[in-house]
Structures are given as structure tokens and as C-alpha cells.
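Results of the structural survey
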Amino acid sequence: MSQKKIIRSYLKLPKYRNFAIIFLILTVLYTTAVYYKLINRADKWIQDALYQKPQAISGQVIVIGIDDETIEHFGAYNTWDRSIMASALEELAADPDSKPAVVAIDTLYVGNTDPEVDERLSKAAENLGNVIVASVGVFGSGYIEDESGKLQMHGHLVYSYEEPYKELLDVTRQGHINAMYDMDGILRHALLYFDYQEPDGSTRRIYSMAHEAAKTYCNTYGIEMTEPEVDERGHFYLSYSSLPGTYNDGMSLYKLINGEIPRDYYAGKIVLIGPYAAGLQDEYFTPIDRAQKMYGVEHQANAIEAFLRGDYKKEMPDELQAVLLFIAVLVSVTIFMMVPVKAATAFLIFGMAISLGISYLLYQRGWIVHVLWMPLGILLMYMGSLVVHYLRAALEKRKVTKTFERYVAPEIVKEIMKEGMENLSLGGKTCDIAVLFVDVRGFTTMSERLTPEKVVFILNRYLTMASGCVEKTGGTLDKFVGDAMMAFWGAPLPQEDAIYNAVRCAMDIIEGAHRVSEELKEEIGEELRVGVGVNYGPAVVGNMGAEKHMDYTAIGDTVNTAARLEANAPGGTVYISRVVADALADRIKVTSLGGTIKLKGKAEGFEVLKVEELM
């Protein structure tokens, strides 16, 4: 079997069924993990960074804040009576031609206090018109009875509902101001409505203040307003349009009451009045800026802007995303396993970029997907494939090394492992090598009188001994041809004492053949005698043959001369050339045969020497 064929058989890409099963299991586990929110926080963080960006606002929503300046002039907020807000509404209604289209007050007025002040506030609201005041639901968890009569745990029950006192209730519209964080403490969703069960058993749907303000504004100007799709609890994803502080034009409630705000500033617009100071504890972390809190009144402004734009996003079902994720990750890991590492890395970058790009495009078209699911899955499978590629390379290298070394010298294997299979192409390089040929004398006659089994037995004993001598002296075992063997020193790796090692191997083979012969004589009655030839000089060493069938070998006159020396050497002798003898100098004892032996293809006078002893 040729060296090239052996290497091809072991470096061929295997199917690795076990790895495929492992990756299938890992894909299932990953899909299950992300489906059950294992990476929810990181996924939400990336969603916020990708989706939530400031955008142009309509300019129809303004905020008049109950800020530090207002508190400084009117005193602590919890000491106010309702006349302060009444004064603000009276100022807004002072010029009928400059009234706001809608006024939404982000403050609760539950129960009666001073009858005179309460009446003043309700009268001011009635006179101004299109006033929306805050209400709030008190939520909790508890058991409810389902249609079959069984009790089921419910985590979104409305325990109670607080709304303005009756006089104010009758002359205004109400909208709840409930804001509920996501599990990670970020206010991403707005509660469009909740259903409240009245004491008489009837159910009333309570919409948000932002919804009622936007709807009133649209009705005033004849604008059609669409509503978002909500989940089972009435929430929808809020696409924020502005950062915290965007609506801070310095227009405070104090300035409004004091007549310092130009009336054309709020004429025909939606006016939001609410807390705008840190001490009033009405602020939230939002996805558009996770580092700075946003006041509740600004959250209302962002929700109103979303209603006016009709900018609603629908969250793609997790089940569908999980199915798509499973398919994409499985396809990715298949590609990673089939292509080289460089191509896999390029696909990784491409896949992650495409995944993020598609997520953003879907968001622009109204769909929200889990941004991290796909890129992370692709990245993890890429990393897993790198491990597999490494293990596969290690296993293949081990197979080649262990198996191929049985056919050729370890140096060839090491060189192949260092340079890689891609360098095992046709071609060679010229270098100086010491070449050895050995052959059994009388083997043809012996094989004719012995059974094939005995011939193979003798050959295996002899060739095992000879190849062992080559390996011990650091030679490259080129090939076996019947009972003949060729080896060389100085390639594929250079050697400091290649000539000496080659002659040392030749002498060891002669000695080893004598020992094997003694053993064979006792076992099967046969003797073994070998002749050896050694030469040194330039030769072309490399892969010779065809693309699909090649040998790592040496060719050239140096090789041919070594073969001729061996062919003429009697059993038990080593013939060398003069160049070998001169190179070893006083380390060898030889007997010159002069030109008495004619080598085929060599001119008259080529000197052949017999090795007597190696020092």
C-alpha cells in the first residue's frame, strides 16, 4: 500500500456520528434554555440597545412639571391643597382661543377634602374641558374560579380601584397611571387597560391616561387612532421616542400659575401636568436609557407619542422563535462541521450580522424578536465546532502517526504532520542523501521450493529485522519490493552523520541477517544471506507518481548506483562507493575492489569497496 493512499484513508473526513448526536442534544438544550428565559436579562439588554432609539417627536405633547422650583414656592407637595391645581387649570382656560386640546393631570384626587376647594377644582376642570385626571388600580395575586369551578392562581388581580372624588369624576375623563416593571426592573411595557369588577358584578374597562389623552386629542381634530395589540394582561411593548429630560423646557407649574408661560406655547396641544422632581418618587428606569430614570409624566408623554404615531410593536411568539432558532442553529453547526475553520469563522461573522440585521428590520416592521437567541446560539455552536475540529485533528493525527509509522519512518510522519496534508502534492527537492539497498541472495530459488506460508514467514522475520535497523539509525524506510528494501538518510530531515548512519545500518543488517539465519536454520532448515549496497550523493526526494497514487521516495543516479552496488554484493557483504569511504575516512576499514566489478550504467574505472569494519 502506498504512503499517499494510507494517509488519504486516515485523513478522509469522517462522519462523526457521535459528535452529530451531541450537537443535536446541545441544540435542544440551548433552545429549551432560552425559551424558558435563562438568558432573559442579557437578551433584554441587547434588545434595548438595538431597538430603543430617540426619534423625532410630534411637538404636540408638552410637559408642565411639578418641579423643585414649584415646590420651593408652594411648599412641600404633601401639604398642598387642590386650589393650586385649580389655579393652573384656570390659567390654561383664561384665553378661550389659546386653550390646550387636552390636559392630563398625573396626580390622584381621591376623596373629598375641603368642599370649597374641591368645588373650585371641579369647576375649573369643567370650564377648561377635555381634562383627564388620574386613577389607579391596586393589583395583587390570588385565586379565581375558572369555568369548570376550579380555583386557579392568578397573579394579576385588581383588588381595588381608586378614582377621583365624584364632583371631579363627573366633569372629567379618567385614565389609570399604573406602571409595571418587567422582571429585570425596566419599564418596557405600557398597560393599555385593565378590567375592574364593580361591586354590583359588572365589569368596567379602565384605559390608561396616555390612551385617553391621545384619543381625546385625535377626536378633537378628527384623526383616526389605531390601538395596539396587547397580551392577556393588557400590556403592549412601548417604543419610546425620547430620552429622559427631553420634555424639560423649564416650564413649571409655578410659572404657569404665575403667568410666565406664553399661551401660544400650549395652545391646541396636549398638556401633561405631573411630578418632575426626584423627591416626589415618580420615576422609572426605561429601556431607552437604563442609566437615568425617567419621570412618570415623561413616560406618559412617550406613550402618547406612540399612540399618535400608531407606532406599535408586536412580540413574535416565543414558540415560533424557538422553532426557527432550533433550525438555524442546527444548520449553522452543520456548516461549521463541514467547512474549514477560516470559512466557519467567516460564516460566524456573517450569521451574527445577518441575525442582528434581521432583528432590527423586523422591529422596524413592527415585530419584536429575541435579539440574543440566534447570535449566541450560533456563537456557542461555533465554539463547540472548534473543539470538535481540534479533537478531530488530534484523532486523525494520532491515527496517521500510529498506523503510517508501521509503513514508513517516523521522520516522514513527523514532517507530514508539521507541513500538513495540503503539502503532500507531486514534486520534490534535490538534497544529498545516503542510500541503502538490501536483498536476499537466492531468494527466488528458495521461494520456489518452499510453501507460500514459509516464504511469508521468512520475509516477515527478515524485513522486521531490517526495518528495525533503519529506524534505530534514524533512516527513512522508502519501500519494500519483494525481498528487497530501500532506505535513505538525510531526508526529509537533514542529518549530521547520514553516511555513517547508513553504513552502520548496513552492518547491523548483515549481523542481524546472520542471527535470523541461525534461527531459521533451527526452525525450518533454511539459511538467510543478504547483500547490501550504500552510496552517497545528490538525489531528488519527494512525492513521485500520480495525483491519486504517489510514493514518497528518492530518485537519481545516486539511488541507481546504490542499487547496482547491492546487486553485485555477495551474501554477507556490504559494498560502498569511494565517496562513502572518503567521507568516513578513519572511521571505516575497507578493501578496494578497484574496477574489477562492473556496475551497469557506470563508466570504466568506477571503484567499488567492501566494508570490513566500522569503528
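Predicted model, so just to flag it, every value in this text is computed and none were measured. (Residues numbered from 1 in each chain as written. Predicted model: local features only at pLDDT ≥ 70, side-chain atom pairs only at ≥ 80, totals over all residues. Heavy atoms only, no water.)

So, empty space enclosed by the protein
All told, the structure shown has one cavity of 30 Å³ or more when counted by the stated rule. When its volume is computed, the largest cavity comes out at roughly 70 Å³. Every residue along the wall of the largest cavity is listed here: His-176, Asn-178, Ala-190, Leu-191, Ser-208, Ala-210, His-299, Gln-300, Ala-303 and Phe-307. Mapped by element, the contributors of at least two residues to the lining of the largest cavity are strand E6 (189-191) and helix H10 (296-309). The dominant element in the lining of the largest cavity, judged by the number of residues it contributes, is H10, at four residues. Per-class residue counts for the lining of the largest cavity are five nonpolar, five polar and no charged. (1 Å grid on protein atoms, 1.4 Å probe; cavity = no way out; pocket = protein on both sides within 12 Å on 5 of 7 lines; lining within 4 Å. Points joined across faces, edges and corners; volume = space filled by probe spheres on them. Helix = DSSP H or I, 4+ residues; strand = E, 2+ residues; numbered from the N terminus. Nonpolar A, V, L, I, M, F, W, Y, C, P; charged D, E, K, R; others polar.)

Section: the packing of helix H16 (residues 452-472) against helix H17 (residues 498-524)
The geometry of H16 relative to H17 is characterised by a closest axis approach of 9 Å and an angle of 155° between their N-to-C directions. Compared by their axis directions, H16 and H17 come out roughly antiparallel. You can see that H16 and H17 cross each other, and the crossing is right-handed. Contacts between H16 and H17 involve Phe-457, Ile-458, Arg-461, Met-465, Ala-466, Cys-469, Val-470 and Lys-472 on the former and, on the latter, Cys-505, Asp-508, Ile-509, Gly-512, Ala-513, Arg-515, Val-516, Glu-519, Leu-520, Glu-523 and Ile-524. A per-class count over the contact of H16 with H17 returns twelve nonpolar, one polar and six charged. (Axes fitted to C-alpha atoms, helices over the stretch in contact; angles between N-to-C directions. Parallel < 35°, antiparallel > 145°, perpendicular 65-115°, else oblique. Left-handed = near helix turned anticlockwise from the far one by under 90°. Contact = heavy atoms within 4.5 Å.)

Some words on H16
With 21 residues, H16 extends 30 Å between its outermost C-alpha atoms, agreeing within 8% with the 30 Å of an ideal straight helix rising 1.5 Å per residue. Every buried residue of H16 is accounted for by Val-455, Ile-458, Leu-459, Tyr-462, Leu-463, Met-465, Ala-466, Cys-469 and Val-470. One face of H16 carries all of its buried residues, which in axial projection span an arc of 155°. Counted as exposed and oriented over 90 degrees from the buried face of H16: Glu-453, Thr-464, Glu-471 and Lys-472. (Expected span 1.5 Å × (residues − 1). Buried < 20%, exposed > 50% of the residue type's maximum accessible area, 1.4 Å probe, protein only. Arc of directions from axis to C-beta.)

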